[in-house]
Amino acid sequence: MSAPRYAKYPFIADLERLFSGDLRLDLLLESEEISHSIRECFTSIVERGEFPGFKCSSEISCALEYLVFLAILRITGNRWFQSKVCVSFSKHVSRQLSEDSKRDPSLIAYIASRLGLGVEYQRSPRVKIPYITENEWRGKRKTSVSLRPLNYSIRLVDFLSIVSKRLSQDPRYNPSNQVIHEGRVYVTGDILIRLIEEYVAKYTCDLINSDYIGELAEWASVKKIYEGLNETLSKILSQQKGAFGDSAAPGKLVYDALPPCISRILDIMKTGGNPSHIERFTAAAFLVHVGLDTEEILDFFRNTADFDEKIARYQIEHIAGKKGGGKKYLPHRCEKLKSSGVCPIAEYCKGGRNPLRVYYYNLRKGRVEGRKSGKELNKSRTPEEDSFAEDMDEE
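Owing to the predicted nature of the structure, the values given are computational and were not obtained by experimental measurement.

Our focus in this paragraph is the overall build of the chain. Helices and strands together make up the secondary structure of the chain, namely 20 helices and 6 strands. A fraction of 69% describes how many contacts in the chain between residues 6 or more apart in sequence connect residues 24 or more apart. A total accessible area of about 20,600 Å² is found for the chain, and carbon and sulfur atoms account for 48% of it.

The following block contains the structure:
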């Protein structure tokens, strides 16, 4: 396999074979090339939100650069930054795989197998599904149906393991919507690439926290590279900010009154996690209705691993009714949040079947310890929120 491919997918290298024997890794680590490439990677992730890829020239240098990259992330001890890098790296892998698989479709299965996933590729598959397309010709809409081949299959246990977290809320990945036969799930290439992207993010973060990387992080040569990057890393880590300080949204949001689902989503954001689409929507709609403005809500999302201010701002304003059709969206009801795995508790909260009703119930009933009474808290609500609370109570 060529060196450029290892630069795109460094995790496929045979690490045991490469780093066994008398190979002098300490000499390789003295190369300025590694330090410069890693600095470029970190800077690009934060400034442009994209992982640029390693600039290595051989299998050994690609693998080593990848491992040192992870070891430096381990040394920072910053979960927000680690998560941000893992997500950015996984999206880079996904983009590269989408492009490379156009020339070699079997590459997807090869990369997946190197990650330990049970994936098979069939050039002429027997499994096909109806695919409906709509086109407009001479002012008339024409619908056509074709059979779309499912060239790939993945072990059911691997499929479920990947989609059980964030993707389970997307109908495209719901097991009931898949073709399953003899313990395998048959999928298209684009679906499999999305599964690999999700898996690579977790795989990378798990590797950062592994004993193997922990030992590498103790090497004097690795610490020397880290010290050389210290100024760059300090600037990057200083950009971590959000709405989680003591002065966050003063007078507008009472954290102790939050329902468990909202509290859980905000915790994911706080630690640099990557909330699912339904979790992001629920948090944004909730924060809109409790009176936070776009800038304040953006601060909550700023810590998420794949934050893009332009996209986040548009989505928040759309949910708030400032964009699109002007409709102001409510958070999903508790039934939807439970069935989607967003709600972290088995029972229902007191106060209603919507996070907003529960929040206002907690305020009214004085369920906020060590703070003002619910009656006093309600005085700080805007007329819009008072009216909304009354409408919710009448449901």
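Ranked by size, the top nonpolar core spans 66 residues in total, and within it Phe 11, Phe 42, Phe 69, Phe 81, Leu 192 and Leu 195 carry the most contacts. Here this core takes 11 residues from helix α5 (residues 59–76), the largest share from any one element. Those residues in contact with Phe 69 that sit more than four places away from it in its chain are Ile 38, Cys 41, Phe 42, Ile 45, Phe 51, Phe 54 and Val 85. In terms of nonpolar packing, the next biggest core, distinct from the first, is built from 35 residues, Ala 283, Val 288, Phe 301 and Ala 320 among them.

Tallied over the full model, the rule gives 16 aromatic pairs. Both rings, one in Phe 51 and one in Phe 54, keep their centres 5.2 Å apart while their planes meet at 85°; by these two values the pair is edge-to-face. Accessibility assignment for this pair places Phe 51 and Phe 54 in one class, buried. On the basis of an interplanar angle of 80° and a centroid distance of 5.5 Å, the ring pair of Phe 54 and Phe 69 is categorised as edge-to-face. Here Phe 54 is found in the loop between α4 (32–48) and α5, whereas its partner Phe 69 is found in helix α5, with 15 residues between them in sequence. Taken individually, Phe 54 and Phe 69 each receive the classification buried, so the pair is uniform in this respect. Members of the aromatic cluster, each reached through a chain of ring pairs, are Phe 11, Phe 42, Phe 51, Phe 54, Tyr 66, Phe 69, Trp 80, Phe 81, Phe 89, Tyr 199 and Tyr 203. Against the face of Tyr 348 rests Arg 353, its NZ or CZ located 4.0 Å from the ring centre.

Quick look at the state of the cysteines now. As enumerated under the stated definition, the model contains 1 disulfide in all. One disulfide in the model links Cys 86 with Cys 205; its S-S distance is 2.4 Å. The sign of the S-S torsion, about 130°, decides the handedness of the disulfide formed by Cys 86 and Cys 205: right-handed. With a gap of 119 residues between them, Cys 86 in helix α6 (residues 79–100) and Cys 205 in helix α9 (residues 189–208) connect regions that are remote in the sequence. By relative accessible area, Cys 86 is classed as buried at 1%. Just so you know, Cys 261 is unpaired, no disulfide at all, and the nearest cysteine sulfur is the one on Cys 343, 6.0 Å from it. Assessed through its relative accessible area of 6%, Cys 261 is described here as buried.

This next bit is on unusual backbone geometry. A positive phi angle, near 50°, is found at Glu 182, a position not held by glycine. Locating Glu 182 in the fold gives a position in the loop between β5 (179–181) and β6 (184–187).

Let's shift gears to the side chain of Asn 354. With respect to the helices and strands, Asn 354 occurs in the loop between α17 (334–339) and α18 (355–364). Among the polar contacts made by the side chain of Asn 354, one reaches the main-chain carbonyl oxygen of Pro 331 at a distance of 3.2 Å.

Moving on, we come to the sheet that holds strand β1 (residues 119–121). Within a sheet, adjacent strands bond to each other through the backbone by hydrogen bonds, running parallel or antiparallel. If you trace the 4 strands from one edge of the open sheet to the other, you get β1-β4-β6-β5, paired in antiparallel fashion. Looking along the sheet, the strands with just one partner apiece sit at the ends: β1 and β5. Mean inter-strand twist for the sheet, computed between neighbouring axes without regard to direction, equals 25°. Examined bridge by bridge, strand β4 (residues 152–155) and β6 share 4 bridges and lie antiparallel to one another. The residue bridging Tyr 152 from the neighbouring strand is Val 187, located in β6. Contacts between helix α7 (residues 106–114) and the sheet are confined to β1 and β4, with β1 contributing the most and set at about 160° to the helix. Contacting β1, β4 and β6, α9 crosses the sheet at an angle of about 35° to β4.

Conventions adopted
- Residues numbered from 1 in each chain as written.
- Predicted model: local features only at pLDDT ≥ 70, side-chain atom pairs only at ≥ 80, totals over all residues.
- Heavy atoms only, no water.
- Helix = DSSP H or I, 4+ residues; strand = E, 2+ residues; numbered from the N terminus.
- Contact = heavy atoms within 4.5 Å.
- Areas by Shrake-Rupley, 256 points an atom, 1.4 Å probe, with all protein chains shown as cover.
- Core = buried A, V, L, I, M, F, W, Y, C linked by side-chain atoms within 4.5 Å.
- Buried < 20%, exposed > 50% of the residue type's maximum accessible area, 1.4 Å probe, protein only.
- Phe/Tyr/Trp six-rings, centres within 6.5 Å; stacked < 30°, edge-to-face > 60°.
- Lys NZ or Arg CZ within 6 Å of the ring centre and 35° of its normal.
- Disulfide = S-S within 2.5 Å.
- Polar contact = N/O pair within 3.5 Å; in protein donor to acceptor, adjacent residues only side chain to side chain.
- Pairing = 2+ DSSP bridges.
- Axes fitted to C-alpha atoms, helices over the stretch in contact; angles between N-to-C directions.

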